[in-house]
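Residue-level listing of the chains:
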Amino acid sequence: MESRSTMAAKVEYSSQDEVEFLSFVLGEEHYALDIMSVKEIRGYESVTKIANAPSFIKGVINLRGDIVPIVDLRMKFAVGAVTYNEFTIVIMLNVFERIVGIVVDAVSDVIKLSTEEILPAPEFGVAFDSRYLKGLATVEDKMIILVNIQALISSDELGLIDANSLTDQE
C-alpha cells in the first residue's frame, strides 16, 4: 500500500503534467489548441477585406484599437461548410504578441490532457499539415486533433507574422 506522501507526489506530478486545451469543431473533425493562447471567443462580425489576401484571410477587424486579421480555418484546410451567421465563432488568439482571429464552426469545451494522453501526430490522414500538429488525443470516444497554433499562425503560408521579428525576440 502506498503512503500518503507517495500518493500526494503522484497527484502533484500529474497536475503539473496536465495542459488545458480549448476544443473546437471544423466540419466533422474535433480540434483543440493550447488555452493559454486564447484571448477571447466572439461571434463573427463583418470584416474589412484586404486586397490580394488569400481567400482564407477574410480581412481585418478593429478590436478595441488593435487591427486583427481574421483567418477562416474552415477555408484554409477545406473542411466544413463556410457560412457566416449568428452561430459562426471567432476565437481571438494572442500569438507572439499579436492578436489573430480564427473562424471555426463551434467551440466545444475546455479539456485537460496529460502528456501521456497525447499521441504523436500521423504524417497522413488529417486536413492539417502535420507541421501544425502537436498530436492526437481521445476524449470521450472522440479523436481530438491538437493544433500547434503558434506554428500555424507564424507560418509563411499565412504570412501574418514576420519571421525575422520572431528571431529578434528569441
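If you look the chain up in an unreviewed UniProt entry, it shows as Chemotaxis protein CheW from Shewanella septentrionalis. For the record of the chain, the UniProt heading Subcellular location (unreviewed entry) holds the text "Cytoplasm".

As for its placement among the helices and strands, E20 is situated in strand β1 (residues 18-26). Assessed through its relative accessible area of 33%, E20 is described here as partly exposed. Expressed as a C-alpha distance, the spacing of E20 and L33, which sit 13 residues apart in the sequence, is 8.5 Å. With residues near it in sequence (within four places) discarded, E20 still touches L33, D34, I35, V110, I111 and K112.

The next point concerns a negative patch on the surface. A contiguous patch of negative charge on the surface is contributed by E18, E20, E116 and E117. With respect to the secondary-structure elements, E18 resides in strand β1. Taking the relative accessible area as the measure of exposure, E18 reaches 35% and is therefore partly exposed.

Moving on, we come to the pairing of strand β5 (residues 66-72). Regular strands place side chains that alternate from one sheet face to the opposite one. Where burial is concerned, most of β5 is hidden: 5 out of the 7 residues are buried. Connecting the antiparallel pair strand β4 (residues 57-63) and β5 is a turn made up of 2 residues, with R64 showing a positive phi of about 50°.

In this section: the packing of aromatic side chains. Counted according to the given criterion, the structure contains 2 aromatic pairs. Between F24 and Y31 the ring centres are 5.8 Å apart and the planes differ by 20°, which places this aromatic pair in the stacked class. Judged by centre distance (4.6 Å) and plane angle (35°), the ring pair of Y44 and Y84 falls under tilted. On the criterion of sequence distance, the pair formed by Y44 in the loop between β3 (38-43) and β4 and Y84 in the loop between α2 (73-76) and β6 (89-95) is long-range, its members being 40 residues apart. For Y84, a relative accessible area of 31% corresponds to the partly exposed category. The cationic tip of K76 hangs over the ring face of F56; the distance from NZ or CZ to the ring centre is 5.0 Å.

With respect to the secondary-structure elements, E40 resides in strand β3. Look past the residues within four positions of E40 in its chain and what remains in contact with it is L63, R64, V90, I91 and M92.

Spatial strand order, β8-β1-β2-β10-β9: 5 strands in an open sheet with mixed pairing. The open sheet has two edge strands, β8 (106-114) and β9 (133-139), and neither has a second partner. Averaged over all adjacent pairs, the angle separating strand axes in this sheet is 30°, with direction ignored.

Side chains that differ in charge, positive against negative, can pair when their charged atoms come close. One pass over the full model with this rule turns up 6 salt bridges. One salt bridge in this structure joins R64 and E40, with 2.3 Å as the shortest N-O distance. One end of the pair, R64, is in the loop between β4 and β5; the other, E40, is in strand β3, and 24 residues separate them in sequence. In this structure R64 comes out as exposed when scored by relative accessible area, which is 61%. For the salt bridge of R42 with E45, the shortest nitrogen-to-oxygen distance reads 2.4 Å. According to the relative accessible area criterion, R42 is partly exposed, its value standing at 22%. Among the residues examined, E45 registers a relative accessible area of 30% and is labelled partly exposed.

This part is about the nonpolar core. Generally speaking, a soluble globular protein has its nonpolar side chains buried in company with each other. Counting residues in hydrophobic clusters, the biggest one holds 28 residues, and the most contacted among them are F24, V71, L73, I91, I102 and I149. For this core, the secondary-structure elements that each account for two or more residues are β1, β2 (29-34), β6, β7 (98-104), β9, β10 (142-147) and α3 (149-153). With 4 residues, the top contributor of residues to this core is β6. Formed by 9 residues, the second largest nonpolar core is a distinct cluster that contains V47, L63, M92 and V103.

The rules behind the values
Residues numbered from 1 in each chain as written. Predicted model: local features only at pLDDT ≥ 70, side-chain atom pairs only at ≥ 80, totals over all residues. Heavy atoms only, no water. UniProt positions renumbered as here; feature names shortened; annotations may be inferred. Helix = DSSP H or I, 4+ residues; strand = E, 2+ residues; numbered from the N terminus. Buried < 20%, exposed > 50% of the residue type's maximum accessible area, 1.4 Å probe, protein only. Contact = heavy atoms within 4.5 Å. Patch = residues over 30% accessible without salt bridge, like charges linked within 9 Å, V, L, I, M, F, W, Y side chains within 5 Å. Areas by Shrake-Rupley, 256 points an atom, 1.4 Å probe, with all protein chains shown as cover. Salt bridge = Lys/Arg side-chain N within 4 Å of Asp/Glu carboxyl O. Lys, Arg positive; Asp, Glu negative; His and termini not counted. Charge placed at Lys NZ, Arg CZ, Asp CG, Glu CD. Pairing = 2+ DSSP bridges. Phe/Tyr/Trp six-rings, centres within 6.5 Å; stacked < 30°, edge-to-face > 60°. Lys NZ or Arg CZ within 6 Å of the ring centre and 35° of its normal. Axes fitted to C-alpha atoms, helices over the stretch in contact; angles between N-to-C directions. Core = buried A, V, L, I, M, F, W, Y, C linked by side-chain atoms within 4.5 Å.

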